[in-house]
Amino acid sequence: MRKASRAAALLTLCATAAAALTGCGGPARDGYLAVGAAAPGPERSPGENVAPQGRVEFQPLGGAPATGSSSASTSTSATPPGSQPPSSSAQGGATSTAPGGSAAPPAAAPGVGPTTRPPGTPTAPTGPGTGPSQPGTTPPATPAKLTLSTPTRAPAADRWCEQVTVAFTNTGTTAARSGTVGFATHIIGALGIDWATITTTQPLPGPIAGGATKTQTYTVCVESWRVPLGMRVETQKVTATWS
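Reading the values: the criteria
- Residues numbered from 1 in each chain as written.
- Predicted model: local features only at pLDDT ≥ 70, side-chain atom pairs only at ≥ 80, totals over all residues.
- Heavy atoms only, no water.
- Helix = DSSP H or I, 4+ residues; strand = E, 2+ residues; numbered from the N terminus.
- Buried < 20%, exposed > 50% of the residue type's maximum accessible area, 1.4 Å probe, protein only.
- Contact = heavy atoms within 4.5 Å.
- Areas by Shrake-Rupley, 256 points an atom, 1.4 Å probe, with all protein chains shown as cover.
- Patch = residues over 30% accessible without salt bridge, like charges linked within 9 Å, V, L, I, M, F, W, Y side chains within 5 Å.
- Salt bridge = Lys/Arg side-chain N within 4 Å of Asp/Glu carboxyl O.
- Disulfide = S-S within 2.5 Å.
- Core = buried A, V, L, I, M, F, W, Y, C linked by side-chain atoms within 4.5 Å.
- Pairing = 2+ DSSP bridges.
- Axes fitted to C-alpha atoms, helices over the stretch in contact; angles between N-to-C directions.
- pLDDT = per-residue confidence, 0-100.

*Asks:* Mind showing me how you'd approach the overall build of the chain here?
*Replies:* Along the chain, the regular secondary structure elements total two helices and seven strands. Going through the 243 residues of the chain one by one, you find that 14% of them count as buried. Counting only contacts in the chain whose residues sit at least 6 apart along the sequence, the fraction spanning at least 24 positions is 65%. Entry remark: accessible area of the chain is about 19200 Å², with carbon and sulfur atoms responsible for 59%.

In structure tokens, the structure reads:
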């Protein structure tokens, strides 16, 4: 009696569960739940499966989408097939390497170009002594300075005189206006003995301008009694003073 009651309770519980499960099939379709293998009968022999006679629909239970399905992307730009995305160095303005291996010159920043000087713009003036003198400026004046050439001697009409030619060159910028020329005349005997030296003076052929040269021929004489017959005079040194 107790066994029959338990069997009836279990059967009622199974039927209730089957009714609840079949109700989950969908709102508009009837659901079927297999609670066990069909018993052999006229439609199914033992060991043989029976194909369904109605429409069969499979519902996925969730998970990753099937292979080959499309998906949306949050990227706003797509890379064409076969192309490579630009590197960070190229986006930052760095040089890119050409196919031949040479680097392309960096692109100039907007508004930046080579510095050019407008036509007619004067150059910056140089400091004192760092460049050539300006046109039209005169160098500072320097005092007169005379240099004398080697005297050229020639015989005169008297044996106690001779002709002496001297060139005076002023290497300064100031003119030598006046001065004195001194002559050292030696008295030479018949045997070549230098008996005496007589100094005489004559005026400077001034004025001599700065940078100019003036040549003057003087007649230099000593007292006649100093040069007896057979002796001669010889002017060996010429000096000058000027102001």
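*Asks:* Explain a nonpolar patch on the surface here, please?
*Replies:* Where nonpolar side chains cluster on the molecular surface, the patch consists of L191, I193 and W195 and spans about 410 Å² of accessible area. If you trace the backbone, W195 turns up in strand β5 (residues 194-203).

*Asks:* I tried to follow the state of the cysteines on my own but got confused; where do I start?
*Replies:* Here a disulfide denotes one covalent bond, and it connects the sulfur atoms of two cysteines. In the structure shown here, the tally under the stated rule is one disulfide. Here C161 pairs with C221 through a disulfide, and the sulfurs are 1.9 Å apart. Here the disulfide of C161 and C221 is right-handed, its torsion about the S-S bond being about 120 degrees. In this pair, C161 is assigned in strand β3 (residues 161-170) and C221 in strand β6 (residues 213-221), connecting sequence segments 60 residues apart. C161 sits in the buried class, given a relative accessible area of 9%. For C221, a relative accessible area of 32% puts it in the partly exposed group.

*Asks:* Is there a simple way to explain unusual backbone geometry in this structure?
*Replies:* Leaving glycine out, the prevailing phi sign among residues is negative, and the prevailing peptide bond configuration is trans. Residue P207 is bonded to the preceding G206 through a cis peptide linkage, with omega at 0 degrees. Within the secondary structure layout, P207 lies in the loop between β5 and β6.

*Asks:* Explain the nonpolar core here, please?
*Replies:* As a rule of thumb, soluble globular proteins bury nonpolar side chains together. Membership of the largest hydrophobic core comes to 14 residues, with the highest contact counts inside it found for V164, F168, V181, F183, Y218 and V238. Sorting the residues of this core by element identifies β3, β4 (179-188), β6 and β7 (232-242) as the ones contributing at least two each. Apart from residues no more than four positions distant in its own chain, Y218 is found in contact with E162, Q163, V164, F168, V181, F183, Q202, P203, L204 and P205. Among the nonpolar cores identified, the runner-up in size contains six residues, and I187, I198, V227 and M231 belong to it.

*Asks:* Teacher, can you tell me more about the sheet that holds β4 here?
*Replies:* Sheet strands pair by backbone hydrogen bonding; their relative direction is either parallel or antiparallel. Reading across from one edge, β5-β4-β7 is the order of the three strands in this open sheet, with antiparallel pairing throughout. Unpaired on one side and paired on the other, β5 and β7 mark the two borders of the sheet. The average undirected angle you get between the axes of adjacent strands in this sheet is 20 degrees. For β4 and β7, the ladder comprises 10 bridges, and the chain directions are antiparallel. Among the inter-strand pairings, I188 is bridged to a residue of β7, identified as R232.

*Asks:* Where do I start with the confidence of the model for the chain in this structure?
*Replies:* Do not read the fine detail of predicted coordinates wherever pLDDT is low. Per-residue pLDDT for the chain averages 72, and the proportion of residues at 70 or more is 48%. Low pLDDT, under 50, characterises residues 66-81; the predicted model gives this stretch zero contacts beyond four residues in sequence or across chains. Confidence drops under pLDDT 50 across residues 85-100; counting only partners more than four residues distant or on other chains, this segment forms nine contacts.

*Asks:* How should I be thinking about the pattern of salt bridges in this particular structure?
*Replies:* Side chains that differ in sign of charge can pair as their charged atoms come close. Overall, the coordinates contain three salt bridges when judged by the stated rule. Note that R226 is salt-bridged to E223, the shortest N-O span being 2.9 Å. By relative accessible area, E223 is classed as partly exposed at 37%.

*Asks:* I tried to follow the environment of M231 on my own but got confused; where do I start?
*Replies:* Relative to the helices and strands, M231 is located in the loop between β6 and β7. Note: C-alpha distance between M231 and I193 (38 residues apart in sequence) is 9.6 Å. Look past the residues within four positions of M231 in its chain and what remains in contact with it is R159, I187, I188, G189, A190 and W195.

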